[in-house]
Amino acid sequence: MLMTLIRGAILACLTLLLVQLGAAPTGLAPLAPAQAQETSIAAPDYADWDQQASRIEELVDEGGVSDQRLSEMRSQVIEWRESFLAAQNINSGRIETVRGQINALGPAPAEGETEAEDVASRRAELNAILSELQAPGLRAIEAASRASGIVQAIDQIQRERQASALLALSPSPVLPSSWSAAATDAATLARGLGQETADRYGAISADEWRSRAPAIAGYLVAALLLLIYGWRWIDGLPRRLSATASEHSRDAVVFLASLGQIAIPTAGVYLAVRAADLTGLFGDWGRPLLMALPVAAFVLFAGRWLSGLFFPAQLPAPMEIPDAARASARINARLLSAVMAVHTILNRAIVPWDPQDDLPSGSIVPMQFSEAGAGVFHMPVIVLGAVLLFRLGVILRRVKDYDGSDQPSYAVRLTALAGTLARPIAIIVVVIGLIGYVSLANGIVWPTIRTIALLGLLILLQEFIVDLYGMMARDRNKGRQALAPVLIGFGLVLASLPVFALIWGARVSDLGEWWTRLRQGVSLGGVRLSPGAILTFLVVFAAGYGITRLVQGAFRTSILPKTRIDAGGQNAVVSGLGYVGIALAVVMAIGAAGIDMSSLAIVAGALSVGIGFGMQNVVSNFVSGIILLIERPITIGDWIRVGTSEGYVRRISVRSTQIQTFDRNNIIVPNSDLISQSVINWTKGSLQGRIIVPVNVAYGADTRRVTEILREIAEDQPIVLINPPPSVLFTGFANEGMTFEIRAVISDVNQGLGVATEIRHRIIESFLREGIVIPFTVRDFYDDDGAPLSQARAISGRRPEAGTGEGASGEEGDTKGPPGLDPRIAALASSGIEHTGGDDDGDANQS
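Here the focus is the overall build of the protein chain. Along its length, the protein chain carries 29 helices and 13 strands. The buried share of the protein chain, reckoned over its 847 residues, is 35%. A sequence separation of at least 24 residues applies to 69% of the contacts in the protein chain between residues at least 6 apart.

Laid out in structure tokens, this is it:
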């Protein structure tokens, strides 16, 4: 039964594959390419599109269309454009087939040349078919281009209106007339709230109160529990977990637990608002204020949480800030959160400062505030926010000084930059707000505060990613040293860019338009790059690179060790496979991404000039590395000398070769030096090598006997070769004696120093037995009067005392030499040394 199911599954897979290839088995009719395209992609109704597009273009050119109507028209055009983008791939498979058929006919004849009549006829027929197949896609490209132009025109109008509203000059909030207008607006708001509450309270019967009471009481009790006991419990939870959690998981667990400091009190405020809303006392006037409270609570508690983590009461902290400055920053940040919460209520429910804000219907109190009154309502909140922003900026701009390192991290530099910019911004917004540009002041101060908050959040999230990685690896230090947290943090920064754009006035529709343009691709030097193409390139290249590494590993560990190729040749084969595999992976990735190779060749040709001049050394080393791998003048393990560097070859890479000296130091030698300079390879092809041991013998020795002794010593060494036999040469006469050399070829030159050392030991032993003297230099010391001194007296500078015998004149003192000296050496010194006397300063004379 199991085998039957397996066979059925295999048959189904093969059938599906054959159908996709257009070669279905007997009894299954393959779907024609054109028909398959038509069933998968429906052609747009271009006639309907032309009518709607013309009408929208007329309205846009006329102007005066409301913002809501512009947004509706924009949405319609975007829907059309999406269908056009999908229709651009109609007949794509069939187009590629026909292009392949045309290429199979060979290149078209040049001007003035001809080709066979049947080939020319077939080429013309295929070109006609190709033009017919490309027509729907070209029509879709033209329509999509027109739709993009309309969207850009609408966006331009909306941006101009937004800029006009932002730069609108209203009466100054400090004028008495503005305060009068604000008082009138406040009285109107109060009357509206009071009248609505009184009317709705009188309209609710006792039965309705009794029916609503249980739900209201339940919501209130839950809200009080969360706001009183829950808030207190969640505030102490991170501290309790920090004391009980393991060292590698403590920081990550504390961070996750601290998120409850936002969720629990915000939930409590929401339940309280829900209870108040169930009373039915709040209508068009009171409900906007009520619905703004949960959002304001979230802003308040999120700011409190962020300030508590970024400026904690106890170390460790994300930034090196002194305790007093950190406490001051924490207080200012929390007060700033409270001001932001007040601004949230004011902007969402009472007086929106940006007319372009897309607030839902019924979320604002039903009254129109005067421009002067709106400025007075906003200005105190702006001033408070600016003052707290200035105080916070004073502390943040010093974090680079607090850090104290020569190269502070990018987080420290960004924080210091934000603090530096915060101070002038705080001053500017107050000045322009008092002049009357209240909307502009709102449009600067609150985005600045949100930007600083988002920067702090990103820094905390990156720290959390590092801690989370350390918790999974069960080692905190691994999180600090690993590459994965850095890459994830970099991706987090990229993902936050749209949020920064929204903070500074970009609309969601703007982000959608940017994404559409990015998805369509960017043309660089004739090569169109899109996110899909880049992702395809990376995936295919990563797959090819991984397969290359697997093949290299298989050859290195399983295949090549079983061949007769030496270690150097095996390394060359493995390296060559790596280069070929990576080159194939790049070519396959480029083809899979749909990048035009001809355009890429043009770009590469343009860059080749710059590469030739700016990277000539790199290219030279690369080519030299290829030559080293092919010719193999050196291999891994060889003992070489290049220039002043000598040692064993440990690694040959594309750019350089690593040599390990006898002192266990690693020297990186560029490959070009190994090609252009003379290289001595002691072990190339054979480990045999010659050693030379010089020997000095005192005059008077039997030279024939010396030669015989030295030859016997060399022949007794185990690794000295008999063919050719070692030789002893009498090389000359010198002041120090007669000079001889032992020259012997050994089987392993790597043991040369050890063999030479053993030969010298044997020479000393044999010469002592045979009474053969090795000459050496002797120093005589004299005082100012010409009397001989011992070496110790000469070095100390003390004159000899009378009666000590040192320095007394006599022939006997000149021939005995220092106490304990071998009599033969003393005799040699007395007979072969000429004393030249000392100078007036008592210097030593050397013979």
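Attention now moves to the nonpolar core. In this structure, Phe311 and Trp446 are the most contacted members of the largest nonpolar core, which totals 60 residues. For this core, the secondary structure elements donating two or more residues are α9 (250-258), α11 (286-310), α12 (323-350), α13 (371-396), α15 (410-435), α16 (438-473) and α18 (484-503). Once residues within four sequence positions are removed from consideration, Phe311 is found in contact with Ile321, Arg326, Ala329, Arg330, Ala333, Leu392 and Leu396. Val77, Ala87, Ala144 and Val151 belong to the second largest nonpolar core, which has 23 residues in total.

Within this model, the second largest pocket holds a volume of roughly 1,200 Å³. Forming the boundary of the second largest pocket are 29 residues, of which Val254, Leu309, Pro312, Gln314 and Pro316 lie nearest the centre. Per-class residue counts for the lining of the second largest pocket are 13 nonpolar, five polar and eleven charged.

Looking now at the packing of aromatic side chains. Tallying each qualifying case throughout the model produces 18 aromatic pairs. For the ring pair Tyr46 and Phe84, a centre distance of 5.7 Å and an interplane angle of 10° mean the geometry is stacked. Linking Tyr46 in helix α3 (residues 46-62) with Phe84 in helix α4 (residues 67-87), this pair joins segments that are 38 residues apart in sequence. Across the pair, exposure class does not vary: Tyr46 and Phe84 are buried alike. Taking 5.4 Å as the distance between ring centres and 80° as the angle between the ring planes, the aromatic pair formed by Phe369 and Phe377 counts as edge-to-face. Classification of Phe377 by relative accessible area gives partly exposed; the value is 22%. An aromatic cluster is built from Tyr46, Trp49, Trp80 and Phe84, whose rings are joined through pairwise contacts.

Moving on to the environment of Gly375. Relative to the helices and strands, Gly375 is located in helix α13. The spacing of Gly375 and Val351 is 24 residues in sequence and 9.3 Å in space, taken between C-alpha atoms. Residue contacts for Gly375: discarding those within four places in its chain leaves Pro173 and Val438.

With that settled, the discussion passes to the environment of Gly419. By the secondary structure assignment, Gly419 is in helix α15. Those residues within four positions of Gly419 in sequence are excluded, and the remaining contacts are Gly393, Leu396 and Arg397.

Looking now at α4. Along its 21 residues, α4 runs 30 Å from first to last C-alpha, staying within 8% of the 30 Å computed at 1.5 Å per residue. Of all the positions in α4, only Leu70, Met73, Arg74, Val77, Trp80, Arg81, Phe84, Leu85 and Ala87 are classed as buried. An end-on view of α4 places all buried positions within 140° of arc, on one side of the element. Exposed residues lying more than 90 degrees from the buried face of α4 are Gln68 and Glu79.

In this section: the pattern of salt bridges. Scanning all chains against the criterion turns up 25 salt bridges. The salt bridge involving Glu125 is made with Arg122; its shortest N-O contact spans 3.3 Å. Taken together, the residues Glu125 and Arg122, both in helix α6 (residues 117-166) and three residues apart, mark about one turn of the helix. Under the relative-accessibility criterion, Glu125 is labelled partly exposed at 41%.

To continue, consider a nonpolar patch on the surface. Together, Leu169, Phe390, Ile427, Val431 and Ile435 make up a nonpolar patch on the protein surface, roughly 450 Å² of accessible area in all. Take the nonpolar patch: its biggest share by element is three residues, from α15. By the secondary structure assignment, Leu169 is in the loop between α6 and α7 (176-203).

Looking along a regular strand, one sees side chains alternate from face to face of the sheet. The sheet contact formed by strand β3 (residues 639-642) and strand β4 (residues 645-652) spans four bridges and is antiparallel. The residue of β4 that forms the bridge with Arg641 is Glu646. Connecting β3 to the next strand, β4, in antiparallel fashion are two residues, including Gly643 with a positive phi near 65°. Relative to strand β7 (residues 679-681), β3 runs antiparallel, the two sharing three bridges. Note that in β7 the partner of Arg641 across the bridge is Ile680.

Taken residue by residue, the protein chain gives an average pLDDT of 81. The fraction at 70 or more is 83%. Taken as a whole, residues 1-39 scores under 50 in pLDDT and shows 17 contacts with residues more than four places along the chain or in a different chain. In this model, residues 802-847 is a region of pLDDT below 50 whose contacts with residues beyond four sequence positions or in other chains number 43 contacts.

The next subject is unusual backbone geometry. Cis geometry is adopted by the peptide bond preceding Pro724, which originates at Asn723 and carries an omega value of 0°. Looking at the element boundaries, Pro724 is found in the loop between α25 (703-715) and β9 (727-734). Phi angles above zero are rare outside glycine, and Asn91 is one such case at about 65°. Checked against the element boundaries, Asn91 lands in the loop between α4 and α5 (92-104). Taking relative accessible area as the criterion, Asn91 reaches 8% and is therefore assigned buried. One non-glycine residue, Arg474, lies in the positive phi region at around 60°. By the secondary structure assignment, Arg474 is in the loop between α16 and α17 (476-481).

Attention shifts here to the packing of α25 against helix α26 (residues 752-770). It is the contact of α25 with α26, at a shortest axis distance of 10 Å, that shows an interaxial angle of 140°. Here α25 is positioned oblique relative to α26, judged by the angle of their axes. Our pair here, α25 against α26, has a crossing hand that is right-handed. Between α25 and α26, the contacting residues are Arg705, Val706, Ile709, Leu710 and Ile713 on the first element and Ile759, Arg762, Ile763, Ser766, Phe767 and Glu770 on the second. Looking at the contact of α25 with α26 residue by residue, the class counts come to seven nonpolar, one polar and three charged.

Below, the discussion takes up the packing of α11 against α16. Where α11 meets α16, the closest approach of the two axes is 10 Å, and the angle between their N-to-C directions is 55°. One element, α11, and the other, α16, form an angle in the oblique class. As α11 packs across α16, the resulting crossing turns out to be left-handed. Every residue of α16 that contacts α11 at Trp305, Leu306, Leu309 and Phe310 is listed here: Ala453, Gly456, Leu457, Ile459 and Leu460. When grouped by side-chain class, the residues that make up the contact of α11 with α16 number eight nonpolar, one polar and no charged.

This part is about the environment of Val60. Looking at the secondary structure, you find Val60 in helix α3. Judged by relative accessible area, Val60 falls into the buried class, the value being 13%. The sequence separation of Val60 and Ile150 amounts to 90 residues, and the corresponding C-alpha distance is 8.4 Å. Sequence-distant contacts of Val60, defined by excluding residues within four places in its chain, comprise Met73, Ala153, Ile154 and Ile157.

Reading the values: the criteria
Residues numbered from 1 in each chain as written. Predicted model: local features only at pLDDT ≥ 70, side-chain atom pairs only at ≥ 80, totals over all residues. Heavy atoms only, no water. Helix = DSSP H or I, 4+ residues; strand = E, 2+ residues; numbered from the N terminus. Buried < 20%, exposed > 50% of the residue type's maximum accessible area, 1.4 Å probe, protein only. Contact = heavy atoms within 4.5 Å. Core = buried A, V, L, I, M, F, W, Y, C linked by side-chain atoms within 4.5 Å. 1 Å grid on protein atoms, 1.4 Å probe; cavity = no way out; pocket = protein on both sides within 12 Å on 5 of 7 lines; lining within 4 Å. Points joined across faces, edges and corners; volume = space filled by probe spheres on them. Nonpolar A, V, L, I, M, F, W, Y, C, P; charged D, E, K, R; others polar. Phe/Tyr/Trp six-rings, centres within 6.5 Å; stacked < 30°, edge-to-face > 60°. Expected span 1.5 Å × (residues − 1). Arc of directions from axis to C-beta. Salt bridge = Lys/Arg side-chain N within 4 Å of Asp/Glu carboxyl O. Patch = residues over 30% accessible without salt bridge, like charges linked within 9 Å, V, L, I, M, F, W, Y side chains within 5 Å. Areas by Shrake-Rupley, 256 points an atom, 1.4 Å probe, with all protein chains shown as cover. Pairing = 2+ DSSP bridges. pLDDT = per-residue confidence, 0-100. Axes fitted to C-alpha atoms, helices over the stretch in contact; angles between N-to-C directions. Parallel < 35°, antiparallel > 145°, perpendicular 65-115°, else oblique. Left-handed = near helix turned anticlockwise from the far one by under 90°.

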